[in-house]
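# Coordinate inspection notes
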Amino acid sequence: MKCVLLLELWGIGDATLMTSALQELLAEDWTITVLAKPHTRVLLQPNYPTVKFIEFDAPWTAFRGKYRLWRWPWRKIFQVLSQLRRERFDAAISIRKDPRDHLLMWLAGVRRRIGFSHPWSRWFLNEPIPVREPNAHRVEDWWKLQDLVIGSPAPHRPPRLNADSALVEQFRAQLGKDPRPIVALHCGARIAVRRWPEDYYRQLIVSLRQKFDFQLVLIPDPDGYGSALHDLAGHTFPRLSMPELLALMSCATQVICNDSGPCHIAAALGIPVIAFFGPQRPELFRPFGDDHLVIIRDICPLRPCSDYCRFPENYCLTKLTPDAACPEIESYWLTQKRIPQKVSTSSN
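Residues numbered from 1 in each chain as written. Predicted model: local features only at pLDDT ≥ 70, side-chain atom pairs only at ≥ 80, totals over all residues. Heavy atoms only, no water.

### Quick look at helix H6 (residues 165–175)
Residue pairs three or four apart in sequence face the same way in an α-helix, which turns once every 3.6 residues. Within the span of H6, buried status applies to Leu167, Val168, Phe171 and Leu175. Summarising the axial view, the buried residues of H6 lie within an arc of 100°, below the 170-degree limit, and thus occupy one face. Those residues of H6 that are exposed and angled more than 90 degrees off the buried face are Ser165, Gln170 and Ala173. With a side-chain oxygen positioned 3.1 Å from the backbone nitrogen of alanine 166, the residue opening H6 is aspartate 164. (Buried < 20%, exposed > 50% of the residue type's maximum accessible area, 1.4 Å probe, protein only. Helix = DSSP H or I, 4+ residues; strand = E, 2+ residues; numbered from the N terminus. Arc of directions from axis to C-beta. Polar contact = N/O pair within 3.5 Å; in protein donor to acceptor, adjacent residues only side chain to side chain.)

Listed below in structure tokens is the structure:
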């Protein structure tokens, strides 16, 4: 039996992109264990029930104060390492050029430790990849590592998720009373500097409604960001569980969101995405596929800043105004022909 450990210790968007490798490794009869945050199991286990998940909220993935070593959960860290060593993995991979991931592989006693090399990783990786393509998408990184684990080129699959069919039918029954296409708006993001301003979203929706006919479904962020737009929506769904979020997005004709986890979830469900990008690099983190629209401007000379903005506001997004974004979306919708042009006055 071939056993492989995949490390993806970050957000739900990162976990979604990892499914590009999960699919092919499962097809090649590898037994897979994923070391990840608890939300990764909640997101992926319904779709990948044979994958084993070891939950680990790595302290160095915190946005602030990540190296306050006296606050690290050392007992949990040693428990996880002990569990990993007992598994006796044949191989381990991480797409991150991160010596912390590589050290974990080494401490876990994995025989084949595969990853993109870093100067501090030369003691830890025994199958280092010396060069990473600087503009390769994260999905393409997973493909490269998957091929090395398997030992030969394998089919390259896009990220894929499926929603619970019973929940999908429940949402369709609720939303189907309005026959117009559904535009789902999720205007949150885990990192605040990735959020396009709420008022900009308001102006955008008002402008789009002048030319296009759709019903708006609002999904506020768990912290409430976006709730102020509830008066624009026919339906607002706060505090969704992960299965409910997938099911609701599966009902949409279009998802509008920021550079965020829901952006990648929607794309993996096969739903076209319009994504506003600020401090990050879309060539690495765009919604994967050809049906999506990324809206971005090189306004700030320090972009990309890896979310650590040096200014009092995230100018890369606050100076990307609705007047600049709206024509791009209108052109995209006219080309894609999924959202019909308005031919008569209709209310939401």
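Right, picking up where we left off after that structure.
### Observations regarding the environment of arginine 303
Examined against the element boundaries, arginine 303 turns out to sit in the loop between strand E12 (293–295) and helix H11 (315–318). Arginine 303 gets classed as buried once you look at its relative accessible area, which sits at 18%. Considering only alpha carbons, one finds arginine 303 and glutamine 280, 23 residues apart in sequence, at a separation of 7.3 Å. For arginine 303, the residues in contact, after removing those within four places along its chain, are Gly278, Pro279, Gln280, Arg281, Pro282, Ile296, Arg297, Asp298 and Cys316. (Contact = heavy atoms within 4.5 Å.)

### Examining the sheet that holds strand E4 (residues 91–94)
Ordered by their spatial adjacency, 6 strands build an open sheet running E3-E2-E1-E4-E5-E6, and the pairing between neighbours is parallel. Strands with a single pairing partner mark the edges of an open sheet, and in this sheet they are strand E3 (52–55) and strand E6 (127–129). Adjacent strand axes in the sheet meet at a mean angle of 20° when their direction is disregarded. In this fold helix H3 (residues 74–87) packs onto strand E1 (2–8), strand E2 (30–36) and E3, with an angle of close to 155° to the strand it touches most, E3. Packing of helix H4 (residues 99–107) onto the sheet brings it into contact with E1, E2, E4 and strand E5 (112–116), and relative to E5 it is tilted by some 175°. (Pairing = 2+ DSSP bridges. Axes fitted to C-alpha atoms, helices over the stretch in contact; angles between N-to-C directions.)

### Comments concerning the pattern of salt bridges
Enumeration over the complete set of coordinates arrives at 24 salt bridges. Here aspartate 141 makes a salt bridge to arginine 132, at a shortest N to O gap of 2.7 Å. On the accessibility criterion, aspartate 141 (2% relative accessible area) is buried. Residues aspartate 213 and arginine 180 are paired through a salt bridge, measuring 3.3 Å at the closest nitrogen-oxygen approach. Pair noted here: aspartate 213 is in the loop between helix H7 (198–209) and strand E8 (215–218) and arginine 180 is in the loop between H6 and strand E7 (182–186), with a separation of 33 residues, a long-range link. Neither aspartate 213 nor arginine 180 differs from the other in exposure class; each is buried. Each of Glu8, Asp14 and Arg96 takes part in salt bridges that share partners, so that together they form one network. (Salt bridge = Lys/Arg side-chain N within 4 Å of Asp/Glu carboxyl O.)

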